[in-house]
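# Structural characterization, general
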Amino acid sequence: MTKEEVREKIYKDKNIEMIIKDNTENYLDFAVLKRYSDNAVSEYEYIENYSLITTEVFENGYVISDIHINVHMKVYDYMSIGDNKKERYIASDKNYFLGLKLKFVLKNIDDDIEEIETGYFSIYAVEDNL
């Protein structure tokens, strides 16, 4: 099993894409959304698909990959405008450039990728759109 085969398999696996996006959104909600009121909500758009930066295949099929992903995150919150009324506004509109680790075990290239983990999220650039 070569690195190139594993990289190709990662890109084709829809479960990995879904897990990366879900966990990225959970991370950003934890890191960014908590700065706003309890009524704030977030919306996500992915600027491009994720990119594999490195892929290492170890003995026993243990695989670690570094991932890069660009995410456009809008945060909507509410502000009081009097008479107990609230108005929705865009509290934040930013692009986040993140890195993360992807880990799983793949004994054979024909096997399904299972037990996928993500971690070590790092925001390394932010672009403000407001």
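Details of the structure are given in the entry above.
Figured I'd write up the structure that's included with this text. (Residues numbered from 1 in each chain as written. Predicted model: local features only at pLDDT ≥ 70, side-chain atom pairs only at ≥ 80, totals over all residues. Heavy atoms only, no water.)

## Notes on a nonpolar patch on the surface
We apply this condition: The patch calculation keeps residues exceeding 30% relative accessible area without a salt bridge and links them within 9 Å when they carry like charges or within 5 Å when they are nonpolar (Val, Leu, Ile, Met, Phe, Trp, Tyr). Surface accessibility follows the Shrake-Rupley procedure with a 1.4 Å probe radius. Residue values consider only the protein chains on display as shielding. A carboxyl oxygen of Asp or Glu within 4 Å of a side-chain nitrogen of Lys or Arg is what we treat as a salt bridge. Strands here are runs of E lasting at least two residues and helices are runs of H or I lasting at least four, both read from the DSSP assignment and numbered beginning at the N terminus.
A contiguous nonpolar surface patch, about 260 Å² in accessible area, is contributed by Phe58, Tyr62 and Val105. With respect to the helices, strands and loops of the structure, phenylalanine 58 is situated in the loop between strand E2 (51-57) and strand E3 (62-82).

## Re the pattern of salt bridges
The full count for this structure, using the stated rule, is five salt bridges. With a closest N to O distance of 2.9 Å, glutamate 8 and lysine 12 form a salt bridge. Here lysine 12 and glutamate 8 lie together in helix H1 (residues 3-12), a separation of four residues that amounts to about one turn. Between aspartate 66 and lysine 101 there is a salt bridge, and its shortest N-O distance comes to 2.4 Å. In this pair, aspartate 66 sits in strand E3 while lysine 101 sits in strand E4 (residues 85-105), placing the two residues 35 residues apart along the sequence. Here the salt bridges share partners, and the residues they tie into one network are Lys14, Glu17 and Lys21.

## Topic: the nonpolar core
So the rule is basically this: Only buried residues count toward a nonpolar core. Its members are Ala, Val, Leu, Ile, Met, Phe, Trp, Tyr and Cys residues joined through side-chain atoms within 4.5 Å. Only protein chains enter the accessibility calculation, which uses a 1.4 Å probe; a residue is then buried when its area is under 20% of its type maximum, exposed when over 50%, and partly exposed in between. By the convention used here, residues are in contact when the closest approach between their heavy atoms is within 4.5 Å.
Counting 29 residues, the largest nonpolar core has Ile10, Ile16 and Phe104 as the members making the most contacts within it. For this core, the secondary structure elements donating two or more residues are H1, helix H2 (14-31), strand E1 (41-46), E3, E4 and strand E5 (114-128). What isoleucine 10 contacts, discounting residues up to four positions off in sequence, is Ile16, Tyr50, Leu52, Ser65, Leu102, Phe104 and Ile113.

## Observations regarding the environment of isoleucine 53
In this fold, isoleucine 53 is placed in strand E2. A C-alpha to C-alpha distance of 5.3 Å links isoleucine 53 and aspartate 66, two positions 13 residues apart in sequence. Dropping the residues within four chain positions of it, isoleucine 53 is found in contact with Arg7, Asp66, Ile67 and His68.

## Regarding H2
Formally: A helix is expected to span 1.5 Å multiplied by its residue count minus one. The directions from the helix axis to the C-beta atoms form the arc being described. Counted as a polar contact is a pair of N or O atoms within 3.5 Å, where, for protein atoms, one must be capable of donating a hydrogen and the other of accepting one, and residues adjacent in sequence contribute only when both atoms are in side chains.
The terminal C-alpha atoms of H2 lie 26 Å apart, and with 18 residues this matches the ideal 26 Å at 1.5 Å per residue to within 8%. Within H2 the residues assigned to the buried category are Ile16, Glu17, Ile20, Thr24, Leu28 and Ala31. Looking down the long axis of H2, one finds its buried residues gathered within 100° of arc, a one-sided arrangement. Projecting away from the buried face of H2 at angles above 90 degrees are the exposed residues Lys14 and Phe30. Where the residues of H2 are buried, they touch H1, E1, E3, E4 and E5. The opening residue of H2, the one whose side-chain oxygen lies 2.8 Å from the backbone nitrogen of asparagine 15, is aspartate 13.

## Considering the side chain of histidine 68
When you line up the elements, histidine 68 lands in strand E3. Residue histidine 68 is classed as buried on the basis of its relative accessible area of 18%. Discounting chain neighbours no more than four positions away, the residues touching histidine 68 are Tyr50, Ser51, Ile53, Phe97, Leu98 and Tyr124.

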